[in-house]
Structures are given as C-alpha cells and as structure tokens.
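Remarks on the overall topology
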Amino acid sequence: MESGSRFAQWLRRKGGRPRPEGSGRRSRGGAGSAAEAARVREELLLTAAAAGFPLAPAAHPSGYGCSCVRIGCPTPGRHPVSFAWQTQATTDRAQIERWLRAEPLANFVTATGQAHDVLDVPAEAGYAALGQFEAAEAAEGPGADGTALGPVALDGGDRMLFFTATRGTPDDEDEWWPCELDCHPETMDEHPGLRWHCRGSYVLLPPAVLPGEGPDATIRWIRPPEPGAPMPEPLALLATLTDACAVYAAEGGVEEVAPWPVR
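As a convention, each chain's residues are numbered from 1 in the sequence order in which they are written. Thresholds applied to this predicted model are a pLDDT of at least 70 for local features of residues and 80 or more for the giving and counting of side-chain atom pairs; totals over whole chains, interfaces and linings are not thresholded and use all residues. Calculation of side-chain values draws on the structure's entire complement of heavy atoms; hydrogens and water are dropped beforehand.

Overview of the pairing of strand S7 (residues 159-164)
Whether a residue is buried, partly exposed or exposed follows from its accessible area with a 1.4 Å probe, protein chains only, as a fraction of its type maximum: under 20%, in between, or over 50%, in that order. Strands here mean DSSP runs of E at least two residues long; helices mean DSSP runs of H or I at least four residues long; both are numbered from the N terminus. Most of S7 sits inside the fold, with 6 of its 6 residues counted as buried. On S7, burial covers both faces: Arg159, Leu161 and Phe163 on one face and Met160, Phe162 and Thr164 on the other are all buried. Strand direction decides the pairing type here: strand S5 (residues 117-122) and S7, joined by 6 bridges, are antiparallel. Bridging across to S7, Asp120 finds its partner in Leu161. Each pair of strands is called paired provided DSSP finds at least two bridges between the two strands. In the sheet, strand S6 (residues 152-155) pairs with S7 via 4 bridges, with the strands oriented antiparallel.

Overview of helix H5 (residues 123-140)
By this rule the span expected of a helix is its residue count minus one, scaled by 1.5 Å. Taking 1.5 Å as the rise per residue, H5 with 18 residues should run 26 Å; its terminal C-alpha atoms sit 25 Å apart, in good agreement. Burial in H5 covers these residues: Ala123, Ala125, Gly126, Ala129, Leu130, Phe133 and Glu137. Looking straight down H5, one finds its buried side chains confined to an arc of 140°; they lie on one side. Summarising the geometry of H5, the exposed residues directed more than 90 degrees from the buried face are Glu124, Ala138 and Ala139. On its buried side, H5 packs onto S5, S6, S7, strand S11 (218-223) and helix H6 (234-250). The directions from the helix axis to the C-beta atoms form the arc being described. Pairs of residues are marked as contacts when any of their non-hydrogen atoms sit within 4.5 Å.

Structural notes on the side chain of Asn107
You can see Asn107 is positioned in strand S4 (residues 107-111). By relative accessible area, Asn107 is classed as buried at 2%. Among residues more than four places away in sequence, those in contact with Asn107 are Arg41, Ala56, Pro57, Ala58, Ala59, His60, Pro61, Gly77, Leu204, Ala208 and Val209.

Re the nonpolar core
Grouped burial of nonpolar side chains is what soluble globular proteins tend to show. Among the buried residues, those of types Ala, Val, Leu, Ile, Met, Phe, Trp, Tyr and Cys that are joined through side-chain atoms within 4.5 Å form a nonpolar core. The biggest cluster of nonpolar side chains holds 21 residues, and the ones touching the most others in it are Leu119, Phe162 and Leu241. No other element matches H6, which puts 6 residues into this core. Filtering out sequence-adjacent residues up to four positions away, Phe162 remains in contact with Asp117, Val118, Leu119, Val121, Gly126, Leu130, Phe133, Leu149, Pro151, Val152, Leu237 and Leu241.

Re the sheet that holds S6
Taken together, the 6 strands give an open sheet; going across it, the order is S8-S5-S7-S6-S11-S10, and neighbouring strands pair in antiparallel fashion. Since the sheet does not close on itself, it has two edges, and those belong to strand S8 (195-197) and strand S10 (208-209), each with one partner. Packing against the sheet, H5 makes contact with S5, S6, S7 and S11, and its axis sits at approximately 45° to S7. Note on geometry: axes are C-alpha line fits, over the in-contact stretch for helices, and angles between N-to-C directions span 0 to 180 degrees.

Side note on the packing of aromatic side chains
When two rings of Phe, Tyr or Trp (its six-membered ring) have centres within 6.5 Å they constitute a pair, described as stacked for plane angles under 30 degrees, edge-to-face for angles over 60, and tilted for the intermediate range. Taken as a whole, this structure holds 5 aromatic pairs when the rule is applied. Ring centres 5.3 Å apart and planes at 5° place the aromatic pair Phe53 and Phe163 in the stacked group. Of this pair, Phe53 sits in the loop between helix H2 (31-50) and strand S1 (55-58) while Phe163 sits in strand S7, and the two are 110 residues apart along the sequence. Given a relative accessible area of 1%, Phe53 falls into the buried group. Taking the centre distance of 5.2 Å and the plane angle of 50° together, the rings of Phe163 and Trp221 count as tilted. One end of the pair, Phe163, is in strand S7; the other, Trp221, is in strand S11, with 58 residues separating them in the sequence. On the basis of relative accessibility, which here comes to 0%, the residue Phe163 falls in the buried class. By way of ring pairs, the aromatic residues Phe53, Phe163 and Trp221 are connected into one cluster.

Written out as structure tokens, the structure is:
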C-alpha cells in the first residue's frame, strides 16, 4: 500500500499518472480504492447469490470492445463466457469466489426462469412505474395488494430491470413460452418495449461494467436483493409496467434494436 502511494507521488511530480488497467474506468484513488471497490463488488454478487440468483461468468469490456475472442462482438461485455451458462449458473459461494479470483474483471449473468424472472422495460417507463409502486408501498405497506417490489436494477441509462418470482416450468407445456415470444414479434404492439426474461434467458447482474464511460456504462442496483425476502409475482407488476411502456411509446419513445440474447 505504501509503495503504491509513493509511486503515485512520483508520477505526480513527473506530471503523469498511472495508466488504468482493463477498461480504462478504474478508480483513480489508488490501490486502496480499487481493493475496496472489488470488495464491495464481491459482496454485492455474493448477496445476490445468497438471495437465490444463480450466477455464471460473463465477458467484460476490453477498451470499447469485448474480452471474448469474437471479432466484432455485437454485445460486448453482455454475454456469458460459456455456451453452457444455463447449467453452469450457480448460487454456490465457493464457486463464485473461485470465478472472481480467476477473472476479477468478469461481469456476471444471472439465469432467469430458475429462481426468478425479470421484467425488462425502457428506463423512462421503468421510472414512471417505480414511482407508482413505491407510492403504493408507502400508502398501503409492502405486500398489501400483492405488488410489493423486489430488486430493481438500472441497465445503463436505457433499461430498467424488475426482478420477480419465476413462472418456473408449468405442468402444461402449452402454458410456457420462451422469453423471446413475450415481446417479439407478436406482442410488441400489445406490450411496447417490454421483455419478459424467463426460462432460457439471462440478464447481466449488477454491479457490471459496459463499454463506454460514465454511469450509462454501468449496471447498478436501485433496490438490491435481500436474502430471504419474498419476490413479487410477475403478474402483480405486469399491468403497471405495460401501461408505463404504452405511455412511453405514445410519447415517442423509440428503442434501438439490438441482438439479444446472445447464445
């Protein structure tokens, strides 16, 4: 720690500064700040695993590209490392710690449809719905009408993720559908901008870093998970979220089409 401080002082006298590693967005506060950021990140990931979110390692930014070997990766830093991510995903603390030690810059995905689903909406619609949910909580108390919120995350500046209980695997397979069919192409007009991540899908789990600079290049918790806390039923949130998406679309909200999910 002392040697790092002296090195930083020497660089300041020389008019320079240490060159950041990895994506170029590391803390400038020295080794102590980097170690603290890594500790907080590990704690958040392990807390999510303790809350029942199965994790699997994902790629991370490399400059403005991706750490994977794919040339021209269409979703840099946003996809699992392994094609076996669904079977690889785990809540085992020891395994997650091994992954973190082996690849400290890695992002992580959480597989949906196992312990939880995710309702994924444009950020503007998400903020509108979030205000309604929190007002209802304040007025009636959590769980009074079945719409108590669970964890909520902000994906860059464009999307908001509402974590819910999972639909799981219905006994009647006719009642199950993969996540893509919830919004594309048949239901996009009915539920503009909504993506329902269930069985066969994943989302990038906070804290995560994306290519670029600033807060829009991060995925972060607005309401972090709490181990043992109940998750809301997705249908209890769906009406409010779809209404917010409809207002967003009516007011001219336009989403960029992106390749998703990458498998």
